[in-house]
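Below are the chains, spelled out letter by letter.
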Amino acid sequence: MLGLMQDRPLLISQLIEHAALNHGDTEIVSRTVEGPIHRYTYRDANTRAKKVAEALLALGIKVGDRIGTLAWNGYRHFELYYGISGMGAVCHTINPRLFPEQIVYIVNHAEDQLLFVDLNLLPAVEKLLPQMKGVRHVVAMTDRAHIPADCKIPNLLVYEELIADKPGAYEWPEFDERTASSLCYTSGTTGNPKGVLYHHRSTILHAYGAALPDTLNLSARSVVLPVVPMFHVNAWGLPYSAALVGAKLVFPGVALDGASLHELFEKEGVTFTAGVPTVWLALLNHMKANKLKLSTVKYAVIGGSAAPPAMIETFDKDYGVEVLHAWGMSEMSPLGTVNHPKEKHQRLSPKELLEVRLKQGRPPYGVDMTIVDDAGKELPRDGKAFGDLLVRGPWITSGYFKGEGGEVLREIAGKGGGWFATGDVATIDPDGYMQITDRSKDVIKSGGEWISSIDLENAAMAHPAVAEAAVIGVAHPKWDERPLLIVHKKPDARIDKKELIEFLGTKVAKWWLPDDVQFVESIPHTATGKILKTRLREDFKDYKLPTA
Ligand code: ADP
């Protein structure tokens, strides 16, 4: 027998409609690419998102068509999130920091019909456009007055002109909640990027799950500043969760340096922020150098890469900010786990508590996870055994756009099918806390045993002279692979190899100690701010360990 409740589809347009009705005067503040601060409300955003939908219809865009965006975090990008998905088309966010060939590949693979582009990215798009055959129009996300005189993009449209004469009276349509809503390509450090195609249902369920107290703890009292870009897995879902709870939104635009961020945090009373470790490094350095404090920020999400322990402690001790260590991936919309202590943890000593806080956290309801060994057999949840991390749930992908990469779901004996292999290696403890020990391709295999590159990096980053550290495995005749520590020192810091290895000796097992340390001017990053290990392996491919 079926129940008798209503079957209203879960649609993204309902989020902005809800926010406009119930949080109509709550502000959305943006530092614009043009320069000035822009302010308006959820009510205004809903009307302008409707105008966007009306403009798309006038341009002949249909349900399922892909519309690309190359844009920073700002109110027009927010309107596109809702305007494009709301009318049934697919909002395809593109990372402008990718290599030009990758951007061309992604736009062509997605078959984007329109490209909405922020002002400062127009010159780059102008160069690439001849290779993007399917793009009918580029829409400059600004007004006519800001269009550079030397811009030669053919058929260029201007955002403000496009929506100016539209009524904004559009009724958001109802359709199947599994209709594709947005598309995001994984940055593909190896091979071509692959598209993750979200739908309305997955996005709404993720927005609910992400707002929960033990996930991101968002409410109508939150002031949310996503530093994580709107092209990086939908800014981790924040533009949706904020509308769902009616939180004030603050968009930082293109200025992600410590000074610009700090100014916005203070001026707008930001309580919640989220980003990758590299941006926090810049902010913490800026605040330290200028003796600044944070007066309103309560939570900072650190995700995308492991949060270094020293960073968690600095935020807490020096700035009174609670770090929410989070793990996820594009294929998971992205939230998989967030670290919040349980009631019983309140009685732990600070040292014991830090041990718990370093883990990547617990999954909210909606994410099932387990670990398996090489033979695909489930491993115990004892916090010690580590293996391949598999996940399943209603906001996790079932396969890549256009079938790239083939079948991605696996079966686990006794647990059924539908499991997605994350490519991460992890432990899970009896309380449900997951800890990433490594990316499966980064783990260092020494004499049949595994060494975690993340643990070594964290240990090295705890040294005051180290700005950033990366560890890669290098071929070794006896052990197969041994760790090489690559260090970018803080300016003026003095430290040598011997001192650093001695320091690590107090933190990790002896057989884990790196066989060598190399100092470099900078550590390369991917377009989403992760350490680019493929490049480091390339840079050090002819390097021989002194122990080899
Ligand atoms: P990309 O940025 O490469 O497009 P994702 O953002 O989807 O792709 O990256 C997901 C991967 O990032 C995860 O599989 C994991 O390896 C890594 N990652 C994300 N968060 C964390 C974290 N808190 N700790 C360690 N690794 C993390």
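Residues numbered from 1 in each chain as written. Predicted model: local features only at pLDDT ≥ 70, side-chain atom pairs only at ≥ 80, totals over all residues. Heavy atoms only, no water.

> What is the right way to look at the overall build of the protein chain in this model?
Helices and strands together make up the secondary structure of the protein chain, namely 16 helices and 25 strands. A compact globule built from 548 residues should have a C-alpha radius of gyration of about 24 Å, and the protein chain, at 24 Å, falls within 12% of that. Across its three principal directions, the C-alpha atoms of the protein chain cover 70 × 65 × 45 Å. The buried share of the protein chain, reckoned over its 548 residues, is 58%. Relative to all contacts within the protein chain whose residues are 6 or more apart in sequence, the contacts with residues 24 or more apart total 67%. A total accessible area of about 23300 Å² is found for the protein chain, and carbon and sulfur atoms account for 53% of it. Measuring between centres, the 60 positive side-chain charges of the protein chain sit 2 Å from its 66 negative side-chain charges. (Helix = DSSP H or I, 4+ residues; strand = E, 2+ residues; numbered from the N terminus. Rg over C-alpha atoms; globule rule 2.2 N^0.38 Å. Buried < 20%, exposed > 50% of the residue type's maximum accessible area, 1.4 Å probe, protein only. Contact = heavy atoms within 4.5 Å. Areas by Shrake-Rupley, 256 points an atom, 1.4 Å probe, with all protein chains shown as cover. Lys, Arg positive; Asp, Glu negative; His and termini not counted. Charge placed at Lys NZ, Arg CZ, Asp CG, Glu CD.)

> What is the right way to look at the packing of helix α11 (residues 277-289) against helix α12 (residues 309-319) in this model?
When two helices pack together, their arrangement is given by the angle between the helix axes and by the axis-to-axis distance. In contact at an axis separation of 11 Å, α11 and α12 are set at 35 degrees when each is read in the N-to-C sense. In this structure, α11 crosses over α12, and the sense of that crossing is left-handed. Together, Pro277, Trp280, Leu281, Leu284, Met287 and Lys288 of α11 and Met311, Thr314, Phe315 and Tyr319 of α12 make up the contact between the two elements. Counted by class, the contact of α11 with α12 contains 8 nonpolar, 1 polar and 1 charged residues. (Axes fitted to C-alpha atoms, helices over the stretch in contact; angles between N-to-C directions. Left-handed = near helix turned anticlockwise from the far one by under 90°. Nonpolar A, V, L, I, M, F, W, Y, C, P; charged D, E, K, R; others polar.)

> Would you explain the UniProt feature "domain: AMP-binding enzyme C-terminal" (unreviewed entry) in the protein chain in this entry?
Here the UniProt feature "domain: AMP-binding enzyme C-terminal" (unreviewed entry) sits at residues 456-530. When the span residues 456-530 is considered, its composition is 20% helix and 33% strand, and the gap between its end C-alpha atoms is 16 Å. (UniProt positions renumbered as here; feature names shortened; annotations may be inferred.)

> Looking at this model, I keep getting lost on the domain arrangement of the protein chain. Mind explaining?
The domain architecture assigned to the protein chain consists of domain 1 (12-328), domain 2 (368-439) and domain 3 (444-539). In this structure, domain 1 and domain 3 have C-alpha centres spaced 34 Å apart. Taken together, the contact between domain 1 and domain 3 spans 18 residues of the former and 15 residues of the latter. Summed over both sides, the interface of domain 1 with domain 3 buries roughly 1200 Å², with 64% coming from carbon and sulfur. Summed over the shared surface of domain 1 and domain 3, the number is 0 salt bridges. Breaking the side of domain 1 that touches domain 3 down by element, the ones donating at least two residues are α11 and α12. Looking at the side of domain 1 that touches domain 3, its residues break down into 9 nonpolar, 8 polar and 1 charged. (Domains from an automatic or database assignment. Buried area = accessible area lost by both parts, 1.4 Å probe. Salt bridge = Lys/Arg side-chain N within 4 Å of Asp/Glu carboxyl O.)

> Is there a simple way to explain the packing of aromatic side chains in this structure?
Here the distance between the centres and the angle between the planes together describe a pair of aromatic rings. Enumeration according to the criterion identifies 13 aromatic pairs in this entry. Between tyrosine 81 and tyrosine 240, the ring centres sit 5.5 Å apart and the planes meet at 35 degrees, which makes this aromatic pair tilted. Here tyrosine 81, found in helix α3 (residues 75-86), pairs with tyrosine 240, found in helix α9 (residues 238-245); they are 159 residues apart in sequence, far enough to count as distant. Tyrosine 81 sits in the buried class, given a relative accessible area of 0%. A relative accessible area of 2% places tyrosine 240 in the buried class. (Phe/Tyr/Trp six-rings, centres within 6.5 Å; stacked < 30°, edge-to-face > 60°.)

> So what exactly am I meant to see when it comes to the pattern of salt bridges here?
Opposite charge on two side chains allows them to pair when their charged atoms are near. Under the counting rule described, the total for this entry stands at 33 salt bridges. Put simply, Glu34, Arg48, Arg76, Glu79 and Glu160 are held in one network by salt bridges that share partners.

> How do you make sense of the side chain of serine 333 when you look at a structure like this?
Structurally, serine 333 can be placed in the loop between β14 (322-328) and β15 (335-338). Using a relative accessible area of 7% as the deciding quantity, one classes serine 333 as buried.

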